Amino acid sequence: MRYNVLIVDDHFVVREGLKLIIETSDSFQIIGEAENGEEALCLIEEKKPDVILMDLNMPKMNGLDTIEHLNKKQDKTPIIILTTYNEDELMIKGIELGAKGYLLKDTGRDNLFRTLEAAIRGETLLQQDVMEKIVNYKRKQVHTNPFEKPNLTEKELFVLKAIARGYKNKEIAFDMGIAERTVKAYLTNIYNKLGVNSRSEAVAISIEKKLIHL
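Here we summarise the structure given alongside this text. Everything numeric here is computed off the predicted structure, so don't read it as measured data. (Residues numbered from 1 in each chain as written. Predicted model: local features only at pLDDT ≥ 70, side-chain atom pairs only at ≥ 80, totals over all residues. Heavy atoms only, no water.)

Considering helix H3 (residues 63-72)
Heads up, the condition is: Throughout, exposure labels follow a simple rule: accessible area from a 1.4 Å probe, protein chains only, divided by the maximum for the residue type, with under 20% read as buried, over 50% as exposed, and the rest as partly exposed. Counting from the N terminus, the helices are DSSP H or I runs at least four residues long and the strands are E runs at least two residues long. In this description, one arc is meant: the one made by directions from the helix axis to the C-beta atoms. We call two residues in contact whenever any of their non-hydrogen atoms come within 4.5 Å of each other. The definition of a polar contact used here is a pair of N or O atoms within 3.5 Å, where within protein one atom must be able to donate a hydrogen and the other to accept one, and adjacent residues in sequence count solely through side-chain atom pairs.
Among all positions in H3, only Gly-63, Leu-64, Thr-66, Ile-67 and Leu-70 are buried. Down the axis of H3, the sector holding all buried residues measures 160°, keeping them to one side. Of the surrounding elements, those touching the buried residues of H3 are helix H2 (37-47), strand S3 (51-55), strand S4 (79-83) and helix H4 (88-96). Of the residues flanking the start of H3, the one acting as N-cap is Asn-62, its side-chain oxygen 3.1 Å from the backbone nitrogen of Leu-64. In the stretch just after H3, Gln-74 is the one whose phi turns positive, near 60°.

Notes on the nonpolar core
Where we set the bar: By nonpolar core we mean a set of buried residues, namely Ala, Val, Leu, Ile, Met, Phe, Trp, Tyr and Cys, connected to one another through side-chain atoms within 4.5 Å.
Ranked by internal contacts, the top residues of the largest apolar core, which has 19 residues, are Val-159, Leu-160, Ile-163, Leu-194 and Ala-202. Taken together, the elements giving at least two residues each to this core come down to helix H7 (154-164), helix H8 (169-176), helix H9 (180-194) and helix H10 (199-208). Broken down by element, this core gets its largest block of residues, six residues, from H9. Sequence-distant contacts of Leu-160, defined by excluding residues within four places in its chain, comprise Leu-152, Ile-190, Ala-202, Ser-206 and Ile-212.

Brief notes about unusual backbone geometry
Even without being a glycine, Lys-48 presents a positive backbone phi close to 55°. For Lys-48, a relative accessible area of 52% gives the class exposed. Unusually for a residue other than glycine, Lys-60 sits at a positive phi of about 70°. By the element assignment, Lys-60 lies in the loop between S3 and H3. By relative accessible area, Lys-60 is classed as exposed at 69%.

What follows is the structure in structure tokens.
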């Protein structure tokens, strides 16, 4: 089986470079290209990709607005952010909105496929430096104390450790013998106690506060 990839970037050279790499894979194939978010939304509706490579700075509709639009439509297609070295804040906002990871536009073949494979599995793949950037960004926003440990229950810690390992809500519910909506309730409590909005942020903050270890 080959997974369908949609590339969304306004730079022709970037799209061509990614295509050249992806075309060497037996696991992935390109099913479309878009130069901006408006084109991407039409192609997503038409082509139903398995994973999306999404630039952030684009004309007409940028990457963040596109991700927000997909969230409102409850479209769960995994998105990987395409970024450059000077787009940390935009990249972090994209991850807050639910992106499954990020890639520098000049990324290598192995890293590209590893990130695509993780996204397909429903995992959020973040490197240590990005974890640190998320922690620092959240600390500036909410002035979190790295030594203050929130009072998480045993079950909330179980859920937190599970999402750190890439488990989906359905899998966590099965392991705990509870309903999936109960897992979502635990996640809401975790987010509130940690002052975060997404799984990746929860994992990053929890590692910093030594609530969990990878």
